[in-house]
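So you can see what is in the structure, the chains are spelled out below.
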Amino acid sequence: MVSKKIHKNYMARELYRKEEVICGNISEYRGWIKLSKFCLELILSEIDNVNTRTELIFVLEKKFKLGIWNKLIDDLIYINYLSDTEVDFKIEKITFDITSKCNLNCKHCSGMFTKKSLGNLNKLLIFEIFKWAEYNNVKYVCISGGEPFIRKDIFEILNYAKNIYTGEIEVITNATLINSCDFDNIVNNIDILNISLDGYDVFSVNKIRGLGVYEKVLDVINKLKQKNFLKLKLSMVKAYGNENHISDFLKLCSFLQVEPVIRDLIYTGRANRNNLSELETLIHNSVLDESNINMRCVCKSGINSLYISHDGKIYPCSTMYNLKNSFMQLSELLSDNCKSRLFLEPIVDHIESCKYCDVRYFCCNTCPSVNLSLYKNEKIVKMICDKNKKTLENI
């Protein structure tokens, strides 16, 4: 963060109701503040004329001696509605798909990846991404797909990357294409291997990923550990009832001595086709946590991280690949034309039935990709509104 004059945060938003207004930050969990429209308008009218918090409080007290300004300004700074620091738009993490091809056909896939999928990211462009990452001091690069190990040149790519890039390299894989002759290459060229399992035993994995996957994954883990490769992650997407067995998944990870990763299901691609009724049930059974109501409805993807698809399009994160329009092209990134164009906007500001609602930020998910899945379906939108609005209108 860079010091700067006090200002309204770029993620600050307001919800107006008659003569009151709720202020908050849509990317923070720090809460929200209700105040009068008069007080907020006065603060915003004076903030451009001062440099510091102290100056702002002095000017406000001089105009209206209400005895509230010191605490109110401090509260607005605490929830990051007001700020005296500037966001540092430095990319620290890049995730990119080197292919859209995959040897599996998982029901919960947020893409539509198969063996017949068309699309490999050009090898020379991959090399340029690693050069850019090294030059710009990117701390972490994650290679994904599709299935990365479906590419015949995967180890040529990894060997090149390891020789010119000094940050951490992670590879996300289903591990089913890893053979005994690959283990030394993995040990020498990969810092973290993140294996998608999506179950907690052979039966749950068979249901989502297919026969033989569970046994293959455990075999790969055990053989890599024999090579003293210890930076292993195992991930599970919450789907098809396995969300009720998270403790079983954590026990499996503890037994295997790997780091557990639990992901929410993103309802796009095959996951949308196969799980829409499950999504409706999930919304129907959900309970609003009144003790933790907050305005957070976007994440910080695109500020310090970005995702590059197999076709060279750039998005804030990998789960947003199904957007019709990308945020920029790879050529723009490599030519250092990457500015503040990856800002995420709350989807409820663009939904006709939501955009004028005075509690709209409170009912969103904190993941923009989940929101895209939910709010593109009018039936789901009505279910969310019917379930939550009466409670939220009382805040």
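The structure displayed is predicted, hence computed values, not measured ones.

> Any chance you could break down the overall build of the protein for me, citing the residues and the numbers?
Looking only at helices and strands, one finds 13 helices and 14 strands in the protein. Here the protein displays about 19400 Å² of accessible surface, and carbon together with sulfur accounts for 50% of that area.

> Residues and numbers for the pairing of strand E8 (residues 168-173), please.
Among the six residues of E8, five are classified as buried, and the element is accordingly described as predominantly covered. Of the strand pairs in this sheet, strand E7 (residues 140-144) and E8 are connected by four bridges, and their pairing is parallel. Among the inter-strand pairings, Ile143 is bridged to a residue of E8, identified as Val171. A crossover connection joins E7 to the parallel E8 through helix H5 (residues 154-164); in handedness this β-α-β unit is right-handed. In terms of strand pairing, E8 meets strand E9 (residues 192-196) through four bridges, oriented parallel. Note on E9: the bridge partner recorded for Thr173 is Ile195. For the segment spanning E8, helix H6 (residues 183-189) and E9, crossover handedness is right-handed.

> An account of the sheet that holds strand E4 (residues 32-36) is needed here, citing residue identities and associated values.
In sheet architecture, strand pairing relies on hydrogen bonds along the backbone and comes in two forms, parallel and antiparallel. On the basis of which strands lie adjacent, the open sheet formed by three strands has the order E2-E3-E4 and antiparallel pairing. Single-partner strands in this sheet number two, and they are strand E2 (12-17) and E4. The sheet shows a mean angle of 25° between the axes of neighbouring strands, direction not considered. Sheet topology note: the E2/strand E3 (residues 20-25) ladder contains six bridges and is antiparallel. Counted as the bridge partner of Leu15 is Ile22 from E3. In the packing of helix H1 (residues 37-46) onto the sheet, the strands contacted are E2, E3 and E4, and the crossing angle to E4 comes to about 100°.

> Kindly report on the packing of aromatic side chains, identifying the contributing residues and their values.
All told, the structure shown has seven aromatic pairs when counted by the stated rule. With a centroid separation of 5.1 Å and 85° between ring planes, the pair formed by Phe38 and Phe64 is classed as edge-to-face. Of this pair, Phe38 sits in helix H1 while Phe64 sits in the loop between helix H2 (53-63) and helix H3 (69-78), placing them 26 residues apart in sequence. With centroids separated by 5.8 Å and ring planes inclined at 55°, the aromatic side chains of Phe149 and Phe155 adopt a geometry described as tilted. In textbook terms, an aromatic cluster arises when at least three aromatic residues are bridged by ring pairs, as seen for Phe96, Phe130 and Tyr165. Between the NZ or CZ atom of Arg30 and the centre of the ring of Tyr78, over which it lies, the distance is 5.6 Å.

> Which residues make up the sheet that holds strand E12 (residues 305-308), and what values do they have?
With mixed pairing, nine strands are arranged side by side in an open sheet as E11-E10-E9-E8-E7-E6-E12-E13-E14. On the outer flanks of this sheet lie strand E11 (259-263) and strand E14 (328-329), each paired with one strand and no other. By the bridge criterion, two bridges tie strand E13 (residues 313-315) to E14 in an arrangement that is antiparallel. Within E14, the position partnered with Ile314 by the bridge is Met328. Those strands touched by helix H8 (residues 213-226) are E9 and strand E10 (232-237), and its axis lies near 160° from that of E10.

> I'd like to hear about a nonpolar patch on the surface, residue by residue, with values.
Taken together, the side chains of Phe38, Phe64, Leu66 and Ile68 define a hydrophobic patch exposed on the protein surface, amounting to about 340 Å² of accessible area. Looking at Phe38, the relative accessible area reads 42%, which means it is partly exposed.

> Residue-level account of helix H13 (residues 378-392), with values.
Residue pairs three or four apart in sequence face the same way in an α-helix, which turns once every 3.6 residues. The end-to-end C-alpha distance of H13 is 20 Å, a good match for the 21 Å that 15 residues give at a rise of 1.5 Å each. By the largest-angle criterion, Asp386 marks the main kink of H13, which is about 30°. Every buried residue of H13 is listed here: Ile380, Val381, Met383, Ile384, Asn388 and Leu392.

> Tell me about the pairing of E12, and name the residues and values.
Both faces of E12 are covered, namely the face carrying Ser305 and Tyr307 and the face carrying Leu306 and Ile308. Relative to E12, strand E6 (residues 93-97) is paired through four bridges, and the arrangement is parallel. Opposite Lys93, over in E12, you have Ser305 as the bridge partner. With two bridges joining them, E12 and E13 adopt antiparallel strand pairing. In the strand pairing of E13, Ile308 is matched with Ile314. With antiparallel pairing between neighbouring strands as the criterion, E12 and E13 make up a hairpin whose turn holds four residues, including Gly312 at a positive phi of roughly 80°.

> Tell me about the pattern of salt bridges, residues and numbers included.
For the coordinates displayed, the defined rule picks out 20 salt bridges. As a salt-bridge pair, Lys123 and Glu156 come within 3.0 Å of each other at their nearest N and O atoms. Taken together, the residues Lys123 in helix H4 (residues 123-135) and Glu156 in helix H5 connect sequence positions 33 residues apart. Taking relative accessible area as the criterion, Lys123 reaches 26% and is therefore assigned partly exposed.

> Just give me the short version of the packing of H1 against H3, but keep the residues and values in it.
Relative orientation and spacing of two packed helices are given, respectively, by the angle between their axes and the distance between those axes. Two elements in contact, H1 and H3, have axes whose closest approach is 12 Å; the angle formed by their N-to-C orientations is 75°. As summarised for this structure, H1 and H3 are arranged roughly perpendicular, according to the angle between their axes. Side by side, H1 and H3 meet where Cys39, Leu42 and Ile43 of the first sit next to Trp69, Leu72, Ile73 and Leu76 of the second. Grouping the constituent residues of the contact of H1 with H3 by class yields seven nonpolar, no polar and no charged.

About the thresholds
Residues numbered from 1 in each chain as written. Predicted model: local features only at pLDDT ≥ 70, side-chain atom pairs only at ≥ 80, totals over all residues. Heavy atoms only, no water. Helix = DSSP H or I, 4+ residues; strand = E, 2+ residues; numbered from the N terminus. Areas by Shrake-Rupley, 256 points an atom, 1.4 Å probe, with all protein chains shown as cover. Buried < 20%, exposed > 50% of the residue type's maximum accessible area, 1.4 Å probe, protein only. Pairing = 2+ DSSP bridges. Right-handed = clockwise from strand over helix to strand, strands pointing away. Axes fitted to C-alpha atoms, helices over the stretch in contact; angles between N-to-C directions. Contact = heavy atoms within 4.5 Å. Phe/Tyr/Trp six-rings, centres within 6.5 Å; stacked < 30°, edge-to-face > 60°. Lys NZ or Arg CZ within 6 Å of the ring centre and 35° of its normal. Patch = residues over 30% accessible without salt bridge, like charges linked within 9 Å, V, L, I, M, F, W, Y side chains within 5 Å. Salt bridge = Lys/Arg side-chain N within 4 Å of Asp/Glu carboxyl O. Expected span 1.5 Å × (residues − 1). Bend = angle between axes of the 7 residues up to and from the residue. Parallel < 35°, antiparallel > 145°, perpendicular 65-115°, else oblique. Nonpolar A, V, L, I, M, F, W, Y, C, P; charged D, E, K, R; others polar.

The quantities given are spatial measurements derived from coordinates; they are silent on function.
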